[in-house]
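Here is how the chains run, residue by residue.
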Protein chains: 4
Amino acid sequence: MVETLQQFASDNYAGICPEALRAMEDANRGSAQAYGDDPWTQRAAEAFRAAFQADCELFFVFNGTAANSLALASLCQSYESIIAADIAHVETDECGAPEFFSNGAKILVARTENGKLTPAAIRGFALGRTDIHFPRPRAVTITQPTETGQVYSLEEIRAIAAACRELGLKLHMDGARFANAVDSLGCTPAEMTWRAGVDVLSFGGTKNGMAVGEAVIFFDRGLAEGFDYRCKQAGQLASKMRFLSAPWAVMLETGAWLAHAAHANRSARHFAGQVAGLPGIEILFPVEANAVFLKMPAEVTAGLRARGWSFYTFIGDSARFMFAWDADRGRIDTLAADLRALAQDAAG
Amino acid sequence: MVETLQQFASDNYAGICPEALRAMEDANRGSAQAYGDDPWTQRAAEAFRAAFQADCELFFVFNGTAANSLALASLCQSYESIIAADIAHVETDECGAPEFFSNGAKILVARTENGKLTPAAIRGFALGRTDIHFPRPRAVTITQPTETGQVYSLEEIRAIAAACRELGLKLHMDGARFANAVDSLGCTPAEMTWRAGVDVLSFGGTKNGMAVGEAVIFFDRGLAEGFDYRCKQAGQLASKMRFLSAPWAVMLETGAWLAHAAHANRSARHFAGQVAGLPGIEILFPVEANAVFLKMPAEVTAGLRARGWSFYTFIGDSARFMFAWDADRGRIDTLAADLRALAQDAAG
Amino acid sequence: MVETLQQFASDNYAGICPEALRAMEDANRGSAQAYGDDPWTQRAAEAFRAAFQADCELFFVFNGTAANSLALASLCQSYESIIAADIAHVETDECGAPEFFSNGAKILVARTENGKLTPAAIRGFALGRTDIHFPRPRAVTITQPTETGQVYSLEEIRAIAAACRELGLKLHMDGARFANAVDSLGCTPAEMTWRAGVDVLSFGGTKNGMAVGEAVIFFDRGLAEGFDYRCKQAGQLASKMRFLSAPWAVMLETGAWLAHAAHANRSARHFAGQVAGLPGIEILFPVEANAVFLKMPAEVTAGLRARGWSFYTFIGDSARFMFAWDADRGRIDTLAADLRALAQDAAG
Amino acid sequence: MVETLQQFASDNYAGICPEALRAMEDANRGSAQAYGDDPWTQRAAEAFRAAFQADCELFFVFNGTAANSLALASLCQSYESIIAADIAHVETDECGAPEFFSNGAKILVARTENGKLTPAAIRGFALGRTDIHFPRPRAVTITQPTETGQVYSLEEIRAIAAACRELGLKLHMDGARFANAVDSLGCTPAEMTWRAGVDVLSFGGTKNGMAVGEAVIFFDRGLAEGFDYRCKQAGQLASKMRFLSAPWAVMLETGAWLAHAAHANRSARHFAGQVAGLPGIEILFPVEANAVFLKMPAEVTAGLRARGWSFYTFIGDSARFMFAWDADRGRIDTLAADLRALAQDAAG
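None of the values given here were measured: they were computed from a predicted structure.

Draft legend 1. Structural detail: the packing of helix α11 (residues 242-254) of chain C against helix α12 (residues 256-275) of chain C. All names here are of chain C. In the contact formed by α11 and α12, the axes pass within 5 Å of each other and the chain directions differ by 75°. Between α11 and α12, the angle is such that the two are roughly perpendicular. Along the contact surface, α11 presents M251, L252 and T254, while α12 presents A256, W257 and H260. Residues that form the contact of α11 with α12 fall into these classes: four nonpolar, two polar and no charged.

Given below as structure tokens:
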């Protein structure tokens, strides 16, 4: 009944990718034990350990809000604080979830360029207020790729991790689009995480093509102590766990997780290439993942909407075009053509 | 890869029913807006309002822990309390989730027969401690059917609701197996809920045959104020909501929700009929829904396990056999035959 | 303006003892640094360490609710639980404070005689439910003396502590009337606490004769990590700390803390001796501290009230007479005489 | 034993004023009921209602952290937010207490001049983000006087209150130095609060000369519903309440509360007058209450410290001199003389 949207609004507007859906169908044969004591969940765990070349501890939760908030809550006490970038999703779009799950931990917001934290910013907070009237920093969270589509280089992550170790802070990575970052850097998951000094990762499955479910991965098993109880109490332990874990197993085993992200990234670059240099159109951030932010005249924005295109707009005349695992080349070209025509009209 | 378990352990060991799976597949055509602004979610909402003959407000969350805990948290302040039965799931199996979501509301536990609360027990708490050193009761929660498979009659629910109104308490119904109760009483959903005086209902989808997702239904829309934000902050707002709502839409529209519950209830009664009167075997509670609790000799329990049967055992020699939407008549008969043989051997 | 109550209702109805008041007056000379960086607080800390013969870490908070709740919150996570006696103050009279400060830790209530926990009861909880759906026990709290005035012997405390160590539980002592227990056992503070295996102690100052303020004492300094921030965030860090700490310093240095408790205990024993054997009057619990619980006919209770006596009554016809640091021998005798006369009339 | 500090660091370094101490001594005659059911607390409540010409509901808590945090928690849900100035104490110096007491409400920080919020800033937040991913504003808090000693005019407060009403927000006033503001404006307490549209006030007693204790005053009694339970659960209900309330009763009845604040304000103006125009010394903010902020050369700061003066310094070379109820004119003149000499030396 859903007529397909002409959408580039968000990668969570996309459906379930074929591999994930087939995995759910395969997992639907007969009965299985609940709460993760099933072969699919075991198989997914093994697939993660293989993909990360690490004996990591992992947990499946329902969505990104919970993945990030539970991970951060496990890293600090209510009277401690978390250093994040000014445009970090946990600060701007979680309705106070980190504060709720942690029972009051404060997010210390650093002004950034493109949402990237720096060792200097982290040091500034960690070495700034040290009196008892201010919640001491205990964790750092970085979004990879950032909310504007920038990707931290391995060097940047390592430098942040080094600063964290030096300052006694734990490092969390919000990987809602982790796969897109891995494709963008062409590195291994291990290189971008534990080998670079990341302690805990939220690995996004939904934007990667699944129906529901994210993974929280602890590279330091000691930090995972009690996290299973934490998930249960917070309403994040699925009874029919196999339907969250089976898609992970298959996507990791087949490489679909990375292939879909690569397609999304390519689609973004293709679109950026099509619209680069159009009169009055400005690409706001380097296109390093699957998002393209454009500054464009109001009438162009209106014109695209009038033609049925769906995308996000922000303060000013900026628009975000997000490319999902199912981004269609033909539709992208049509969008680009519409945009070109409207831009030229606007430029008169 | 999952070899089917010979299981009667829990209805959440079962898979996704055909109607729910097909709905997810149908909902997977193309893109749709996220967070519930999609046609499937709208359709599901309409199906609920039709099924309950009420202009109710509803929300989809991921699991029962969250459905019950968020509903209860919305009914009371942290310094208030919730009256529940001694075997209520919220008290015995949620790892403190109601206390966590409410930031400290206390559960007042009433001793009960078969897990059924009574107006007298509620009055006892509400009229007992009224000093400031004790959290004042503000809500009552009943499980329908109870954890031992008993079903409150409409008269019992009405009497409890009347006591609640008289005492200024809100009434919540934990309907993890709501459909089984509706089939058991042969009444309408409306009769068992708002017409009887229930304020908020947690309607279980998972045990009814879905992959994931429960519905929280407010019959008094005023009580739902802010609940959408509450869900978001608590990590219970699904981005690809259509995959939670589409199964509800189809199951409610087709009546599959009730048909599956009826099958499960019939299966339980059939099994109970088969094992009634076996030597040394005692049926512990009236079989009113889809569970059968048996007291049986330890060697019988061991014998069944040795033959590969999966079920829950509790303190003493009691065993719980739970029948799901996919309970197989042939397998039930085989289980009963095994049980008969073992019981007779044990009886020597 | 306050006409003195003829009260034996509670030791917190009493005023400030002379030593505490004088200490506040002495501490009121000139200015001092805030938040505990003052000579009085340092002096109090030294007095505590001397009294406990231990290099303990200590904190001053405003009242017993906070002392117990903060201590317990520091010992467990929100998804863990605390084992307590059925009549423990933290369970029955704190309006959910432990659940609030811990963000949802559950109190597991053990049925007891006279409010005394036993190693068996603790083992029952710790070795009972071990699945993820139930909050795992992490701490034990005992009230010394209990709410009915019983005093744990050193052997009893050591046995409980041994069970805690064996089970990986931390042991907290609610010492709202700690001084009364020390006098009752005639032991040293060290013997009753860290030498017996207590990890954290709430030492009550208010009932001991101060205006406001309790001490939380950690014998294992590792457990105190971050507790100063915890107090600050929870609104329990006094700015003019010297007025909380100076009374402690003086009372510990002069021995007034113990002398006042000894007087209160003697007063209770004296009263018990006066009323023992009166017709229809039953002393409900052994008088081991500063409380006397009497079961008496309703008309006797009414008669005492009619004569202006203030005391607590509970379910049934039981009455609690509590003796404070300022209990007056003459008034006790008058009370006893009234009680005798009323009892004899009632016995007719 | 405390040798008097040569301090102008904070008004909470000062001791207890004579009226407050005498009140505590007077209240110390005999016994009184606990938890506020005593004549002194009743008398204090009447004194507040007279002083505010309103039938307000009031509560006594232990300190300002609790007064502000409990008041704000009572005004919003965990998924809502509070608008505050960038230098508001609740944001900068409470170690996350508002987030803790509210279980996660977010503080939205407005950039300000001198810590003063404006209707425009409030509108900006209230009309900005309105999607479910951001906690909706529900309350506004203003500090009167601000942390830099500015005083909102009645017109400014009325304009803010009007904006709040228009936007459905509740208005809280952090009056840690409320008395200083009343003296500064020369208005009545009523004019500065409920008549101007303030819903809830935290009235500071400690900085006004008391040992401990602040008042939370609800001008809309409906907002106070359950606040007594909230205080109890949060560890803010004093058992020997009379020692918190008696000083309020006496200080309000005698006018000492205002006289002490007037003296502190005069002292600040006197000091400012003495140091105005000194070479290299700059008065950073208008002196409208009892604080004077100076920008001065590092060697002057060091010189003052070397001469034993105690004051706060902040980023840059700014120093805060705070004048308490007991500020001594002679000592101020000595300080000013030292400052003059050092400034002239520095200016060479």
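From this point, the narrative continues.
Draft legend 2. A look at the domain arrangement of chain A. Residue and element names in this part refer to chain A. The assigned domain composition of chain A is domain 1 (18-255) and domain 2 (257-347). A C-alpha centroid distance of 29 Å is found between domain 1 and domain 2. Here domain 1 and domain 2 share an interface that buries about 1,800 Å² over both sides, 56% of which is from carbon and sulfur atoms. Where domain 1 touches domain 2, the interface holds zero salt bridges. The interface formed by domain 1 and domain 2 holds 11 residue pairs in polar contact (both at pLDDT 80 or more) in total.

Draft legend 3. Representation of the state of the cysteines in the model. All names here are of chain C. Enumeration according to the criterion identifies zero disulfides over all chains in this entry. C164 forms no disulfide, and the closest cysteine sulfur to it belongs to C76, at a distance of 13 Å. Among the residues examined, C164 registers a relative accessible area of 1% and is labelled buried.

Draft legend 4. Local environment of the UniProt feature "domain: Aromatic amino acid beta-eliminating lyase/threonine aldolase" (unreviewed entry) in chain A. Per the UniProt record, the feature "domain: Aromatic amino acid beta-eliminating lyase/threonine aldolase" (unreviewed entry) sits at residues 7-296 of chain A. Between the end C-alpha atoms of residues 7-296 of chain A the distance is 18 Å, and the span holds 41% helix and 17% strand.

Draft legend 5. Broad picture of the interface of chain D and chain C. Contacts between the two partners involve 55 residues from chain D, matched on the other side by 55 residues from chain C. When chain D packs against chain C, the two sides together hide about 4,900 Å² of surface, and 57% of this comes from carbon and sulfur. Between chain D and chain C we count two salt bridges in total. In this structure, D:K232 and C:E94 form a salt bridge, with 3.0 Å as the shortest nitrogen-oxygen distance. The interface formed by chain D and chain C contains 31 residue pairs in polar contact (both at pLDDT 80 or more). Listing elements by their share of the side of chain D that touches chain C, those giving two or more residues are α1 (18-27), α2 (39-51), α3 (64-75), α5 (97-101), α10 (227-233) and α11 (242-254) of chain D. Counted by class, the side of chain D that touches chain C contains 26 nonpolar, 18 polar and 11 charged residues.

Draft legend 6. Geometry of the interface of chain B and chain A. Between chain B and chain A, the contact holds 55 residues from the first and 55 residues from the second. Between chain B and chain A the total buried area reaches about 4,900 Å² when both faces are included, carbon and sulfur atoms providing 57% of it. Our count for the contact surface shared by chain B and chain A stands at two salt bridges. At the boundary of chain B with chain A, the tally comes to 30 residue pairs in polar contact (both at pLDDT 80 or more). For the side of chain B that touches chain A, the per-class residue count stands at 26 nonpolar, 18 polar and 11 charged.

Rules and cut-offs
Residues numbered from 1 in each chain as written. Chains lettered and ligands numbered in written order. Predicted model: local features only at pLDDT ≥ 70, side-chain atom pairs only at ≥ 80, totals over all residues. Heavy atoms only, no water. Axes fitted to C-alpha atoms, helices over the stretch in contact; angles between N-to-C directions. Helix = DSSP H or I, 4+ residues; strand = E, 2+ residues; numbered from the N terminus. Parallel < 35°, antiparallel > 145°, perpendicular 65-115°, else oblique. Contact = heavy atoms within 4.5 Å. Nonpolar A, V, L, I, M, F, W, Y, C, P; charged D, E, K, R; others polar. Domains from an automatic or database assignment. Buried area = accessible area lost by both parts, 1.4 Å probe. Salt bridge = Lys/Arg side-chain N within 4 Å of Asp/Glu carboxyl O. Polar contact = N/O pair within 3.5 Å; in protein donor to acceptor, adjacent residues only side chain to side chain. Disulfide = S-S within 2.5 Å. Buried < 20%, exposed > 50% of the residue type's maximum accessible area, 1.4 Å probe, protein only. UniProt positions renumbered as here; feature names shortened; annotations may be inferred.

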